[in-house]
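Structural characterization, general
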Amino acid sequence: MNRLSDTELLDIEASDAIDAQAASWFARNRNDMGRADRKAFAAWQAEPAHARAYAEFEQLWADLAQLQQLNKPVTLPKRKPSVWRPALAVAAALLCAVLATHIGAPREIYHTQLSAHAKGMRTLNLPDGSTLYVNANTRVRVDFTAHQRIVHLDKGQLYIEVAADKERPLFVQAGEASVRVVGTGFDVRRSQQQLVISVAHGQVAFEPHAKSPVTLLGAQQRATYRYANGSLQQQTLPFEEVADWRSGHLSFRNRELASLIDELSLYRPQAPLQVSNAVAHLKVSGNLDVNDPDALLNALPALLPVKTVASADGIIKIEPSK
């Protein structure tokens, strides 16, 4: 037998240390971790070696859960031979213990990115049974593992019908903000000015940032969080107005002009819109064709005492008409 060199021994020790860390994270992830722990886990997993080690545990989970589901001896897939790693053996024992108390079929690991461009909407059926609707000019990333479901909203708007899974809540992450659900239908719109959560049915827990209190929202409730001053406003809205953009038309009643223009900007990203503070709080009612957003913009002077002014840099400003 060839004796391992000092360098090889150090490599094995380092690998075992990573395996031990991965085992610890896997055990913690089986519980409902707090926001700080989720951030710490994401930072740890950002290292390629850590991500590879964690992926091995997820594969072990899937293999062992498959054995339990079939309830009979099954030959596991053959793997390439590798140096024996004690931490990996400990992890396997840990997985068996977890399986003894968590009966059920293995959950599918799923990662994808989805983008929709101008005048486009996309629908995606997720492997957990949820359905994701993505609005125009939107970018999302879906990150499902055996222990958690996360949808990252990088920009734009989405609506999701969430399949219930009490052991694996779904989180929508929009920057620093987090929305936690088990089974519900709700809408999230993220712009440069505000974050808007609208609930069709069920209940969501909304946390604008790590240091803010959690706000519970129920059916037909909307919360608007403004980044500039950190304010949070809540209102009740008709059921049919939640994610009505999926039909191609938006209906709005007594809507603040600043909020309406913020949503209108989603459909015309090529020309920024600005609202003067003097008219920002004016209320307006009407309808918007998402395929023709300029029609509403052109109609504003007939609905409110405002005018639109195009500046040399391409920004369209909405100002008082007098």
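Treat the numbers as computed from the prediction; the structure is a model and nothing was measured.

1. Let's talk about the sheet that holds strand 18 (residues 316-320)
- Strand order in the open sheet made by the three strands is 15-18-17, with mixed pairing throughout. Unpaired on one side and paired on the other, strand 15 (273-275) and strand 17 (306-310) mark the two borders of the sheet. Going across the sheet, the axis of each strand differs from the next one's by a mean of 25°, ignoring polarity.
- The sheet contact formed by strand 17 and strand 18 spans five bridges and is antiparallel. Pairing of K307 across the sheet is with E319, part of strand 18.
- Its contacts with the sheet put helix 5 (residues 257-264) on strand 15, strand 17 and strand 18, and the angle it makes with strand 15 is roughly 175°.

2. Description of the nonpolar core
- Of all hydrophobic cores here, the largest spans 31 residues; its most connected members are L132, I160, F186, I197 and F206.
- Leaving out residues up to four positions away in the same chain, F186 has contacts with L158, Y159, I160, V162, V172, V179, V181, I197, S198, V199, A200 and V204.
- Core analysis: the second largest hydrophobic core is formed by 28 residues, A136, L250, F252 and L264 among them.

3. A look at the environment of G248
- One can find G248 in the loop between strand 13 (231-236) and strand 14 (249-256).
- The spacing of G248 and N291 is 43 residues in sequence and 7.1 Å in space, taken between C-alpha atoms.
- Contact partners of G248, with chain neighbours within four places excluded, come to L288, D289 and V290.

4. Quick look at the pattern of salt bridges
- Per the stated rule, a full pass over the model turns up 10 salt bridges.
- With a shortest N-O distance of 2.6 Å, R189 and D262 are connected by a salt bridge. Remark: D262 occurs in helix 5 and R189 occurs in strand 8 (residues 185-190); sequence separation between them is 73 residues. Of the two residues, R189 and D262, neither departs from the other in class, the shared state being buried.
- Linking R253 and E241 is a salt bridge whose minimum nitrogen-to-oxygen distance equals 3.6 Å. Residue R253 is found in strand 14, and its partner E241 is found in the loop between strand 13 and strand 14; the two are separated by 12 residues along the sequence.
- Judged by relative accessible area, R253 falls into the exposed class, the value being 57%.
- A cluster of three or more residues bridged by salt bridges with shared partners is formed by R189, R255, D262 and E263.

5. Describing the packing of helix 5 against helix 6 (residues 293-303)
- Between helix 5 and helix 6, the least distance of the axes is 11 Å, while the angle of their chain directions is 150°. As far as their axial angle goes, helix 6 and helix 5 are roughly antiparallel. The two elements helix 5 and helix 6 cross, and the hand of that crossing is left-handed. Contacts between helix 5 and helix 6 involve L257, L260, I261 and L264 on the former and, on the latter, P293, L296, L297 and L300.
- When the residues that make up the contact of helix 5 with helix 6 are grouped by side-chain class, the tally is eight nonpolar, no polar and no charged.

6. Regarding helix 5
- Burial runs high along helix 5: seven of the eight residues are buried.
- Of the positions making up helix 5, those classed as buried are L257, S259, L260, I261, D262, E263 and L264.

7. Brief notes about the packing of aromatic side chains
- With the rule as written, the count across this model stands at three aromatic pairs.
- Ring geometry for Y133 against Y159: centres 5.9 Å apart, planes inclined by 50°, an arrangement best described as tilted. Of this pair, Y133 sits in strand 3 (residues 131-134) while Y159 sits in strand 5 (residues 149-161), and the two are 26 residues apart along the sequence.
- With a centroid separation of 5.9 Å and 85° between ring planes, the pair formed by Y225 and Y227 is classed as edge-to-face.
- By relative accessible area, which is 11% here, Y225 ends up buried.
- Lying over the aromatic face of Y133, R246 brings its terminal NZ or CZ to 4.8 Å of the ring centre.
- One Lys or Arg, R246, reaches over the ring of Y159 and ends 4.1 Å from the middle of that ring.

8. Looking at unusual backbone geometry
- With phi around 50°, N137 is a residue other than glycine that occupies positive phi space.
- Within the fold, N137 resides in the loop between strand 3 and strand 4 (138-144).
- In this model, N254 sits at a positive phi of 45°, which is unusual for a non-glycine residue.
- Tracing the sequence through the fold places N254 in strand 14.
- For N254, a relative accessible area of 57% corresponds to the exposed category.

So, how was this worked out
- Residues numbered from 1 in each chain as written.
- Predicted model: local features only at pLDDT ≥ 70, side-chain atom pairs only at ≥ 80, totals over all residues.
- Heavy atoms only, no water.
- Pairing = 2+ DSSP bridges.
- Helix = DSSP H or I, 4+ residues; strand = E, 2+ residues; numbered from the N terminus.
- Axes fitted to C-alpha atoms, helices over the stretch in contact; angles between N-to-C directions.
- Contact = heavy atoms within 4.5 Å.
- Core = buried A, V, L, I, M, F, W, Y, C linked by side-chain atoms within 4.5 Å.
- Buried < 20%, exposed > 50% of the residue type's maximum accessible area, 1.4 Å probe, protein only.
- Salt bridge = Lys/Arg side-chain N within 4 Å of Asp/Glu carboxyl O.
- Parallel < 35°, antiparallel > 145°, perpendicular 65-115°, else oblique.
- Left-handed = near helix turned anticlockwise from the far one by under 90°.
- Nonpolar A, V, L, I, M, F, W, Y, C, P; charged D, E, K, R; others polar.
- Phe/Tyr/Trp six-rings, centres within 6.5 Å; stacked < 30°, edge-to-face > 60°.
- Lys NZ or Arg CZ within 6 Å of the ring centre and 35° of its normal.

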